[in-house]
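Observations on the three-dimensional arrangement
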Amino acid sequence: METTDQKEPEKLGEYLVSKNLITQEQLEHALALTKESRMRLGRTLVELKYITGRQLMESLLERLRTSDLGKRKKLGEVLVSSGVISEGKLLHALEVQQDRKQRIGEVLINLGYVTKDQITDALATKLQLNLVLCDDYVLDDKIKRLVPKEMAKKYSVFPIGIKNGRLVLAMADPLDSNALDEISFYTRLRISPVISYDWSIEIAIDKNYQDTDEYDSRDGEHMFDVLEAELKFDKDLQFGEKEKGEPTSVDVESLYLKSNAPKIVKLVAMLITDAAQKRASDIHIEPREKYVQVRFRIDGELQNIFKYQREMHESVVSRIKIISQLDITNRRTSQDGDASVSIKGRKIDLRISTLPLIHGEKAVIRLLDQSKGIVPLQELEMPSYISDAIIRMFRLPQGMFIVTGPTGSGKTTTLYACLNHLRSDTRNVISIEDPVEYKLEGISQTAVNEAVGRSFASILRSVLRQDPDVVMVGEIRDLETAEIAIKAALTGHLVLTTLHTNNTVATIVRLIDIGIPPYLVASSVTGILSQRLVRRICKHCKVESDVSDEIKSFLSDFGVDNIQKFYRGEGCPKCMNTGYLDRMAVYEYLSISRMLKIALSRKTDEQELLATARTEGLKLLYEDALNKVRAGLTTIEEVMSKVPFEYSLREI
Ligand SMILES: [Zn+2]
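Now for a quick tour of the structure. Computed from a prediction, not measured in an experiment: that's the story for all the values here.

**A look at a nonpolar patch on the surface**
- A contiguous nonpolar surface patch, about 270 Å² in accessible area, is contributed by Leu133, Trp199 and Ile203.
- By relative accessible area, which is 36% here, Trp199 ends up partly exposed.

**Regarding the pairing of strand β1 (residues 157-163)**
- In terms of burial, β1 is a largely internal element, 5 of the 7 residues being buried.
- Sheet analysis places β1 next to strand β2 (residues 166-171), joined by 6 bridges and oriented antiparallel. By the bridge assignment for β2, Pro159 is matched with Leu169.
- Taking the residues that link successive antiparallel strands as the turn, the β1-β2 hairpin has 2 residues, and the phi of Asn164 there is positive, at about 50 degrees.

**Here we look at the packing of aromatic side chains**
- What the rule picks out here adds up to 10 aromatic pairs.
- Ring plane angle 70 degrees and centroid distance 5.2 Å describe the contact between Phe558 and Phe645, whose orientation is recorded as edge-to-face. In this pair, Phe558 is assigned in the loop between α21 (549-557) and β19 (566-569) and Phe645 in the segment after α25 (636-642), connecting sequence segments 87 residues apart.
- Ring centres of Tyr622 and Phe645 lie 4.5 Å apart, and the angle between their planes is 15 degrees; this geometry places the pair in the stacked category. Highlighted residues: Tyr622 in helix α24 (residues 621-630) and Phe645 in the segment after α25, separated in sequence by 23 residues.
- Three or more aromatic residues joined by ring pairs form one cluster here, namely Phe554, Phe558, Tyr622 and Phe645.
- Positioned over the ring face of Tyr291 is Lys307, at 4.4 Å from the centre of the ring.
- A cation over a ring is seen here: Lys619 above Tyr385, with NZ or CZ 5.5 Å from the ring centre.

**Considerations on the packing of helix α22 (residues 594-602) against helix α23 (residues 606-615)**
- In contact at an axis separation of 10 Å, α22 and α23 are set at 165 degrees when each is read in the N-to-C sense. In terms of orientation, α22 lies roughly antiparallel with respect to α23. Judged by the sense of rotation from one axis to the other, the crossing of α22 with α23 is right-handed. Every residue of α23 that contacts α22 at Met595, Leu596, Ala599, Leu600 and Arg602 is listed here: Glu608, Leu609, Thr612, Ala613 and Thr615.
- Tallied by class, residues from the contact of α22 with α23 come to 6 nonpolar, 2 polar and 2 charged.

**Section: the coordination of the zinc ion**
- At the metal site, the zinc ion is ligated by Cys538 (SG), Cys541 (SG), Cys572 (SG) and Cys575 (SG), and these contacts range over 2.3 Å.
- Viewed at the metal, the 4 donor atoms of the zinc ion are separated by angles of 105 to 112 degrees, and the geometry they form is tetrahedral.
- Considered as a linear motif, the donors of the zinc ion on their single chain read C-x2-C-x30-C-x2-C. Each member of the pair, Cys572 as well as Cys575, is classed as buried.

**A look at the packing of helix α13 (residues 262-277) against helix α14 (residues 313-323)**
- Orientation of α13 relative to α14, taken along the N-to-C sense of each, is 65 degrees, at an axis distance of 9 Å. In terms of orientation, α13 and α14 fall into the roughly perpendicular class. Between α13 and α14 the crossing geometry is right-handed. From α13, Ile264, Val265, Leu267, Val268 and Ile272 reach across to α14, where they touch Ser315, Val316, Arg319, Ile320 and Ile323.

**A look at the nonpolar core**
- In terms of nonpolar packing, the biggest core is built from 62 residues, with Met400, Ile508, Leu590 and Leu626 touching the most fellow members.
- The element that contributes the greatest number of residues to this core is helix α18 (residues 479-490), accounting for 6 residues.
- If we ignore the near neighbours within four places in the chain, the residues touching Leu626 are Leu555, Val560, Ile563, Ile636, Val639 and Phe645.
- Val375, Ala389, Leu419 and Tyr587 belong to the second largest nonpolar core, which has 33 residues in total.

**Let's talk about the sheet that holds β2**
- An order of β1-β2-β3 is seen for the 3 strands of this open sheet, with the pairing classed as mixed. Pairing within the sheet leaves two strands with one partner each, and these edge strands are β1 and β3 (190-195). Strand-to-strand twist of the sheet, defined as the mean angle between neighbouring strand axes without regard to direction, takes the value 30 degrees.
- In the packing of helix α10 (residues 177-187) onto the sheet, the strands contacted are β1, β2 and β3, and the crossing angle to β2 comes to about 145 degrees.

**With respect to the pattern of salt bridges**
- Counting across every chain of the model gives 25 salt bridges.
- Two residues, Lys278 and Asp274, come together in a salt bridge whose shortest N-O distance is 2.9 Å.
- We classify Asp274 as buried; its relative accessible area is 8%.
- Put simply, Glu450 and Arg477 hold a salt bridge, and the shortest N to O gap is 3.9 Å. A residue pair is termed long-range when its members are at least 10 positions apart, and Glu450 in the loop between β14 (444-447) and α17 (456-464) and Arg477 in the loop between β15 (470-473) and α18 qualify at 27 residues.
- On the basis of relative accessibility, which here comes to 41%, the residue Arg477 falls in the partly exposed class.
- Overlapping salt bridges bring together Glu286, Arg288, Arg295 and Lys362 as one network.

Here is what the cut-offs are and how they apply
- Residues numbered from 1 in each chain as written.
- Predicted model: local features only at pLDDT ≥ 70, side-chain atom pairs only at ≥ 80, totals over all residues.
- Heavy atoms only, no water.
- Patch = residues over 30% accessible without salt bridge, like charges linked within 9 Å, V, L, I, M, F, W, Y side chains within 5 Å.
- Areas by Shrake-Rupley, 256 points an atom, 1.4 Å probe, with all protein chains shown as cover.
- Salt bridge = Lys/Arg side-chain N within 4 Å of Asp/Glu carboxyl O.
- Buried < 20%, exposed > 50% of the residue type's maximum accessible area, 1.4 Å probe, protein only.
- Helix = DSSP H or I, 4+ residues; strand = E, 2+ residues; numbered from the N terminus.
- Pairing = 2+ DSSP bridges.
- Phe/Tyr/Trp six-rings, centres within 6.5 Å; stacked < 30°, edge-to-face > 60°.
- Lys NZ or Arg CZ within 6 Å of the ring centre and 35° of its normal.
- Axes fitted to C-alpha atoms, helices over the stretch in contact; angles between N-to-C directions.
- Parallel < 35°, antiparallel > 145°, perpendicular 65-115°, else oblique.
- Left-handed = near helix turned anticlockwise from the far one by under 90°.
- Contact = heavy atoms within 4.5 Å.
- Nonpolar A, V, L, I, M, F, W, Y, C, P; charged D, E, K, R; others polar.
- Donors = N, O, S within 2.8 Å, 3.2 Å for Na, K, Ca; no water.
- Tetrahedral: all angles 85-135°; square planar, octahedral: opposite > 155°, others 65-115°.
- Core = buried A, V, L, I, M, F, W, Y, C linked by side-chain atoms within 4.5 Å.

Next comes the structure, spelled out in structure tokens:
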């Protein structure tokens, strides 16, 4: 039962220090490096030239001798003292073992003196460990990722769960210090061993790990061997033709046949399919010094997905360039391209960009799921006082509606929902976008292209000659665009646009700052919507949660002390253990009322405007966010990190 795999015996480092072969400082340095590189301690020490290879080998051999002897005695003693075998039989077995170079457990079994189960029973008694049957356990994915299948098989162990911060590990051989060391090191957890029969462990492993193949069982920290791995290629993924009749050079079938690296083609196809299935918005492929890290942005946060060999990277990037018609030979400048794929009937547009970095080209693939692009206005989860006000405003013949928030706050989704609401056979709706992300039937969409002089301002001028009723201007970035847009809003057009500002009142101040006179702002702007995206608690693992006193006192500083219950996601396979699944927006809406127009004619100070808006019932961004916390839709932590708490309710 004891292990013969003694490449790196227990506490090798301490042993080397005790023999004065290395200093404590050198040990700590090497240990820190092994954590990063996952290289063995011994090899690290040799590479650092703290010891020679010969010294390492001699030390390992000596450790092997002593630890093996220690263990043999232990198991023998256990079996004799628990009456399983006589001392005579043990001595005989030890003698036989000299010749056969087998493990003592195996020798005893081969001699017919004991059964494996008897050894297990004896160990349980002697070591006072719980004896468990693990073949009925069902592991959750978190634990499975913690101890991968290969490790469980190699050491004949089965992870049962985590208790009091320790990993409860069923072991066929709880004396196997190598297993204890390596698993503890790998999981960064201390281990509470229990004992189990090896057959029971084997059944449990086969049952629990059966459905994971090499790719699925990986996590962000694991190296994924592109050439060795069995890749599942989703045949439902197809590269499509580019719009506007521009043919892509992609004929996936012929490429697949011609390519001498079908693995690469498969890998890229699998990456895209996997990202789409995990609802990722972006795939990041980042070359680092020794490997390439693949990350997905899911619900706004980057997550490590896996790593692959550095040597494969050029081929992977070339493949990505081929599907997006970029220049394969150009590796020195950044490039942008696009492609489209369909996965099981879902059409996904890909925006690809490459950027040369010191370790090679980084590629980012943005996924725009055309089936998810347009959300009806009613499904944006706006408080009804906001959606009602916006729909009322859209009945006006003219005016400007501004959506504001930083990049990635969901402004585009809101604008598309508005355009979708506004489109009709009797209205001419034109949008100017940078770039066109989703295609909308019944709307004339055009894209900005600064390189050929097609800026927002210049396109807007021509658009206004096209007799539009509704114009969407993707973004106001400069005074020129702002001026034309405001003029349009004053002359019978409904203008929808976005601005990068923090909140609704700040948007008014910003327009004045870039040079629009306050009276023009007052007469043209009809409504301003400010928004942020927060992650939604995963409904599959939602639990009630405590919050710290700091959070409570923070909230009370802002005049909020009426939230009774908080919730969070515990983490489950559905949310990839993040506790969050999907996102939603939180909103603040300012309607430009008569009173506000009067205030604007007198003063343009943010506090003053805010005070006026507040008396008219303006609800701040964080008030809507906290309502969503109260409703158990998101967490207080998420709101505090994504939503600005600018003015205390006590002050205004
Ligand atoms: Zn979950």
